[in-house]
Structures are given as structure tokens and as C-alpha cells.
Amino acid sequence: MNMNYTAEELAFRDEVRAFLDEKLPADIAAKVKGFRRLSKEDHQRWQKILSEQGWYATHWPEEYGGVKWTPVQKHIWDEESCRYGVPRSIPFGVNMVAPVIIKFGNEEQKQKYLPRILSGEDWWCQGYSEPGAGSDLASLKTRAVRDGDHYIVNGQKTWTTLGQHANMIFCLVRTNTEVKNQEGISFLLMDMDTPGITVRPIITLEGEHEVNEVFFEDVKVPVENLVGEEDKGWTYAKYLLTYERTGLAGIGMSKAALSHLKELASRRLKNGRPLIEDPSFSQRIAKVEIDLTAAAISNLRIIASVEGGGVPGAESSMLKVKGTEIRQAINDLARRAIGPYALPFLEEELDMDYEGDFLSDENAAPLSAQYFNNRKLSIFGGSNEIQKNIVSKMILGL
Ligand SMILES: Cc1cc2nc3c(=O)[nH]c(=O)nc-3n(C[C@H](O)[C@H](O)[C@H](O)COP(=O)(O)OP(=O)(O)OC[C@H]3O[C@@H](n4cnc5c(N)ncnc54)[C@H](O)[C@@H]3O)c2cc1C
């Protein structure tokens with residue numbers, strides 16, 4: 001595998017840098033780099049800029065308004081955008097439901113939904129998990145019963161990320177109880193304004209409202225909102241998960257978080273000297289940096305195999321486990337770097353316009369929130385235990 005970029009790839013990297021220098025709003029980048037709260041409006045403003053550049057839908061065929069980037073170009077974008085402070089792309093519309101609609105939806109669904117995803121008119125959320133169906137997703141119970149031209153939906157979804165902002169939800173629903181679990185599931189698109197849908201917040205450890213419970217009570221969904229065939233939704237759901245798991249290793253984000261950690265540890269003092277010079281602390285930073293470098297190389301190895309026509313297999317699971325462990329280790333070190341100030345956590349400090357006194361310093365303010373929030377990394381997108389099961393079967397042959 002050649003570890004150097006080609007001339008074309010270097011030119012692409014220059015193009016990305018020039019675009020970000022010119023178009024990334026400074027206020028949004030400051031929030032991202034300072035780990036502050038981003039509003040729905042911030043996300044939408046940035047998405048519009050990306051869409052105008054033609055760089056929003058990097059998984060879509062060009063005929064639907066996508067851009068055909070190679071895996072290496074996607075990797076360059078990941079590295080550069082994290083370094084510059086680009087907001088994380090909200091994946092539910094562009095990277096999850098859209099590829100399913102493109103592959104399995106009918107022409108009418110493509111015409112209706114894809115342009116609205118590109119323009120940012122629709123904000124989608126993902127209705128897969130239920131209180132009794134997470135790792136064992138196929139046991140989901142939300143029921144959809146056909147009644148003439150409609151399905152009547154009853155049940156509950158949970159952990160619905162940013163569902164409070166969404167006007168559309170894609171759901172896995174049970175349409176047949178007489179067959180094996182996987183064979184009786186359908187993939188339905190629903191308007192969040194439909195009577196009978198209720199969204200309730202779940203407040204996470206750091207006091208933020210990021211996830212929700214969504215309840216369905218006799219919700220009437222037109223039959224034309226079914227994607228593909230009835231009872232075949234499991235196939236589409238699995239196809240979507242291959243997109244969800246792509247990029248979960250978050251190498252670019254870990255690199256940005258590591259450089260923030262080093263900068264923080266250079267400013268904070270221990271026994272009158274910068275913390276980064278403390279032998280024990282610097283050893284911990286070195287360990288995580290070595291792990292990150294190894295994960296970045298593995299990531300490139302997988303990219304190279306995809307470029308050569310392969311498909312990412314169980315290696316993605318390995319990368320998800322390592323990548324999320326590294327990110328959590330960096331968060332842990334950052335929390336340790338601010339010492340006792342990690343404890344009295346003031347939620348208001350997460351807002352960019354906060355004008356009160358900071359408990360510690362401005363850059364340290366959101367570190368506890370981030371530490372707690374990122375506990376999620378080893379749970380969502382298939383928990384790390386589930387990924388380890390995949391590695392043990394597919395790679396180790398156990
Ligand atoms: C912050 C956050 C956001 C999320 N956003 C969404 C969203 O937008 N939409 C959505 O549909 N879902 C979302 N999820 C749900 C997520 O996909 C599930 O939490 C995840 O699949 C795990 O399911 P569970 O929580 O039911 O845990 P369970 O499946 O009950 O697992 C509990 C524990 O048991 C372990 N375990 C379970 N089965 C096995 C096994 N076979 N072998 C070994 N260990 C096992 C798990 O690893 C875990 O540690 C989100 C979750 C979080 C935390």
C-alpha cells in the first residue's frame with residue numbers, strides 16, 4: 001500500500017483547504033473547536049454552504065446531486081474538516097435514509113425526498129431502537145397494520161437522536177407476526193406532524209437534550225410511504241447500517257481532540273510546571289497517540305482495500321472498537337487535565353454567548369460535558385461488545 005497522496009489527491013486537499021478558508025463561518029468553527037453547543041440553525045447554515053458547493057451528498061450517485069469522491073478523497077475531507085472545525089454532518093437524512101431510498105425506493109419517493117434532503121428542507125431522524133430492541137433489533141415490536149390505503153402504527157421508539165428537530169422519521173415496523181422476526185419487518189417513512197406521534201426528551205448524563213422517546217398511537221401512514229416491499233424491511237435496514245457504521249471510528253475527530261488535549265496540558269500547571277511535562281501524564285498522552293496512529297494506519301489500510309475493489313468487512317468493527325476507545329481515552333485525559341474543575345459543571349458555559357464567570361477557563365468548560373456525552377460512542381451504531389462478537393467470529397474464527 002502506498003502511504004503517500006498522489007498529485008491529484010494533493011490538489012484535492014488544496015481545494016478543500018481553499019474552500020474551508022473561504023466558506024466555513026468563523027462563529028461555527030469557534031463553537032466546534034471549543035466543543036460548544038451548536039444550534040439547529042448552525043447545522044442548517046453549514047449544510048446549505050456545503051450543498052451549494054456540491055459536497056454535501058458524498059455517498060450519492062451524481063444523477064441525484066451527489067459527488068463521486070474516492071475513499072481517499074473522503075478520508076482527506078474527514079481529516080481537513082475536523083482540523084478546521086467543521087460541524088459533524090447529521091447523518092440521518094443524507095447518509096442513512098437517502099441511500100436506502102436511492103437503492104430500494106420507487107421513482108416517486110426519489111423525486112419527493114432526495115431534493116428536500118439536499119436542500120435541507122427535511123430533517124430526518126432514525127426510528128430503529130425500542131426499549132426491548134437495541135442490539136437485538138429484529139425483536140422490535142412497533143406494529144403497523146394495513147387498513148385500506150394506510151398503515152395504522154402503534155408502539156414506541158427510543159434514543160431517537162435529535163428527533164426534537166426532525167420533521168421526518170424513518171422507522172422499522174412489524175407488519176407480520178406469523179413469520180421469523182427478521183421476515184416480518186417493513187421500512188416506513190413518516191411525517192412527524194402526523195396526529196398520534198409524541199416526542200419526549202431524554203436528558204443525558206451531561207444535562208443535554210440530544211435524544212428522545214417517540215410514541216406512536218394509531219398513527220395513519222399512507223401506504224405510499226412504504227419503502228420497497230412489505231415485510232422486506234430487514235434487508236433495507238441492514239443496508240442502511242453499513243452506511244451508519246462507515247466512519248464511526250472518528251479518526252479525524254480524535255486527531256483534533258488530541259491536539260486540543262496537548263494544548264490544554266501545555267497551559268495547565270502541575271507543581272509549577274506545564275502538565276504536559278509531567279512524566280506520568282505525558283506517558284498517557286503518548287500511549288493514546290500511538291494507539292491513534294495505529295488506528296489511522298488501519299483506517300488507511302481499509303480505505304486502500306476498498307479502493308482496490310474490496311468491501312469493508314469485520315475490519316470496520318475492529319476500527320469502531322479501537323476508534324471509540326481512543327476517543328473516550330482522550331476525553332478522559334482532558335477531564336483529568338482540568339482536575340477538580342471537571343466536577344462543578346455549569347451547563348450555561350456550553351453556550352458561545354455565555355457572559356458569566358467561567359469556573360475554570362473558557363477552553364476547559366465543556367470538557368466534562370464531552371466526557372459524559374461520549375460514553376455513547378461505545379454504545380450506538382452497534383455496541384462495542386457486539387462489534388467484538390463480529391471480530392471474534394469473522395476475523396479470529398472463534
Ligand atoms: C446517545 C445515543 C443515541 C442513539 N441514537 C439512536 C437513534 O437515533 N436511533 C436509533 O434507532 N437508535 C439510537 N440509539 C440506540 C443504539 O443503537 C442502541 O442503544 C444500541 O444498539 C444498544 O442497544 P440497547 O441500548 O438496547 O442495549 P442492549 O442491546 O440492551 O445491550 C445492553 C448491554 O448488553 C450488551 N450486549 C447485548 N447483546 C450482547 C451480545 N449478544 N453479546 C455481548 N454483549 C451484548 C451490550 O453491548 C450492552 O453493553 C442511540 C443510543 C445512544 C446511547
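Residues numbered from 1 in each chain as written. Predicted model: local features only at pLDDT ≥ 70, side-chain atom pairs only at ≥ 80, totals over all residues. Heavy atoms only, no water.

## Concerning the pairing of strand S6 (residues 197-203)
Here is step 1 of the chain: As paired strands, S6 and strand S7 (residues 209-222) are joined by seven bridges and run antiparallel to one another. Directly across from Ile202, in S7, lies its bridge partner Val211.
Here is step 2 of the chain: Here S6 folds back onto S7 in antiparallel fashion, the turn holding five residues, of which Gly207 has a positive phi close to 85 degrees. (Pairing = 2+ DSSP bridges. Helix = DSSP H or I, 4+ residues; strand = E, 2+ residues; numbered from the N terminus.)

## Observations concerning the side chain of Ser186
Here is step 1 of the chain: By the secondary structure assignment, Ser186 is in strand S5 (residues 185-191).
Here is step 2 of the chain: Within the local environment of Ser186, its side chain forms a polar contact with the backbone nitrogen of Asp231, the two atoms lying 2.8 Å apart.
Here is step 3 of the chain: Aside from chain neighbours lying at most four places away, what touches Ser186 is Cys171, Leu172, Val173, Thr175, Leu226, Glu230, Asp231 and Gly233. (Polar contact = N/O pair within 3.5 Å; in protein donor to acceptor, adjacent residues only side chain to side chain. Contact = heavy atoms within 4.5 Å.)

## Examining the site of the ligand
Here is step 1 of the chain: Taken together, the neighbourhood of the ligand is formed by 17 residues, with Ser129, Ser135, Thr161, Ser383 and Glu385 sitting nearest.
Here is step 2 of the chain: Note that an oxygen atom of the ligand is positioned 2.6 Å from one of the side-chain N or O atoms of Ser135.
Here is step 3 of the chain: Here a nitrogen atom of the ligand and a side-chain polar atom of Asn389 are 3.0 Å apart.
Here is step 4 of the chain: Burial of the ligand by the surrounding chains reaches 66%, relative to a free accessible area of 970 Å².
Here is step 5 of the chain: For the shell around the ligand, the element with the most residues is helix H12 (residues 384-394), which contributes three residues.
Here is step 6 of the chain: For the shell around the ligand, the residue count by class is seven nonpolar, eight polar and two charged. (Near = heavy atom within 4 Å. Areas by Shrake-Rupley, 256 points an atom, 1.4 Å probe, with all protein chains shown as cover. Nonpolar A, V, L, I, M, F, W, Y, C, P; charged D, E, K, R; others polar.)

## Some words on the domain arrangement of the chain
Here is step 1 of the chain: What the domain assignment lists for the chain is domain 1 (7-89), domain 2 (123-231) and domain 3 (249-394).
Here is step 2 of the chain: With centres defined by C-alpha atoms, the gap from domain 1 to domain 2 works out at 30 Å. (Domains from an automatic or database assignment.)

## With respect to the packing of helix H8 (residues 251-267) against helix H10 (residues 314-337)
Here is step 1 of the chain: It is at 10 Å that the axes of H8 and H10 come closest, and there the two elements cross at 20 degrees. One finds that H8 runs roughly parallel with respect to H10. Remark: the crossing between H8 and H10 carries left-handed chirality. Every residue of H10 that contacts H8 at Met253, Ser254, Ala257, Leu258, Leu261 and Leu264 is listed here: Gly323, Ile326, Arg327, Ile330, Leu333, Ala334 and Ala337.
Here is step 2 of the chain: Across the contact of H8 with H10, the residue classes tally to 10 nonpolar, two polar and one charged. (Axes fitted to C-alpha atoms, helices over the stretch in contact; angles between N-to-C directions. Parallel < 35°, antiparallel > 145°, perpendicular 65-115°, else oblique. Left-handed = near helix turned anticlockwise from the far one by under 90°.)

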